[in-house]
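Analysis of the macromolecular model
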Amino acid sequence: MAELLQDDFLSWFQFAIILFGCGVLYFIVNKIHLFRKDAKEKSIGFRMFSYLLFVIIVVSFTLIHPLYHLFLLLIVFGAFYKNIISYSKALLSLYFSNVKLGDKISLGNDTGTLIAVNYGGLHLLTPENKIYFPFNAWKGDKIIRESEKGTVLISFMCKDVHDRSDYQSLNHLKKNLFNYPFLAVTKVSIDKERDEFKVAARIDHEKFKVGLMKHIEKAGFELNKNN
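A brief look at the structure comes next. These figures come from a predicted structure and were not determined experimentally.

Focus: helix 3 (residues 44–64)
Between the first and last C-alpha of helix 3 there are 31 Å, a value that for 21 residues agrees with the 30 Å anticipated at 1.5 Å per step. Within helix 3 the residues assigned to the buried category are Ile44, Phe46, Arg47, Met48, Leu53, Ser60, Thr62 and Ile64. Buried residues belonging to helix 3 abut helix 2 (12–31), helix 4 (66–96) and strand 2 (110–117).

Structure representation (structure tokens):
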């Protein structure tokens, strides 16, 4: 193990090439239309991209002289490990929650509009006040987009009572589902199981559940299971 740590896996010249390559990638991505200068600060994806480039640079730096550079990085990590870990967790949570700046979100007991993110925390604008939520206070609270709050998950099995092909039945089912005004159209999944369709979707409120069932029945489908 000691021999592996003493080996130089990268030279300073190779590290410089990697550093230059990461810089070029950052510059290019920063300039393309998805991450224009006026939109960059509104993109959690851009922050994740920058974070990954930073990780690549740190790993490359370690591989130059593993024993000494790893020891140096451990000292830095020991001094700032709480901030590093909390920022990493928060960034991953924001990224995989598909949250964007400007979204209304709930985090723990706080609900507000996400207006800014920095390396120390995020800023929520609530009707009463502006709240700063530090990353080192992150306790694994789930981020919930306000657009998804209050929706009700509904699932059921149905089959076509008319003599239509699977393709025609599926298209007819989709058409009638998406025509229902209280359906969250981005949260619909339809799977075929034998001669039945398994539907999972979200509606705005429990009271619209019966209406959706009647809507599907009028479209020519027999409901076999209603959860």
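Remarks on the side chain of His69
Mapped onto the elements of the fold, His69 is located in helix 4. Residue His69 is classed as buried on the basis of its relative accessible area of 10%. In this structure, His69 is in contact with Trp12, Phe61, Thr62 and Ile64, ignoring residues within four places of it in sequence.

Looking at the pattern of salt bridges
Following the criterion strictly, the structure yields 2 salt bridges and no others. In this structure, Asp160 and Arg164 form a salt bridge, with 2.7 Å as the shortest nitrogen-oxygen distance. For Arg164, a relative accessible area of 25% gives the class partly exposed. Among the salt bridges present, the one from Asp166 reaches Lys192, with a minimum N-O distance of 3.3 Å. Taken together, the residues Asp166 in helix 5 (residues 166–179) and Lys192 in strand 7 (residues 189–193) connect sequence positions 26 residues apart.

Parameters and conventions
- Think of each chain on its own: its residues are numbered from 1, step by step along the sequence as written.
- The model is predicted, so local features are restricted to residues of pLDDT at least 70 and side-chain atom pairs to those at 80 or more, both for listing and for counting; the totals for chains, interfaces and linings are taken over all residues.
- Processing note: side-chain calculations cover all non-hydrogen atoms of the structure and skip hydrogens and water entirely.
- The helix count covers DSSP runs of H or I at least four residues long, the strand count covers runs of E at least two residues long, and both are numbered beginning at the N terminus.
- Residue count minus one, scaled by 1.5 Å, sets the expected span of a helix.
- A 1.4 Å probe rolled over the protein chains alone gives each residue an accessible area, and that area as a share of the maximum for its type sets the label: buried under 20%, exposed over 50%, partly exposed in between.
- By the convention used here, residues are in contact when the closest approach between their heavy atoms is within 4.5 Å.
- Salt bridges, as used here, are contacts in which a Lys or Arg side-chain nitrogen is within 4 Å of a carboxyl oxygen on Asp or Glu.

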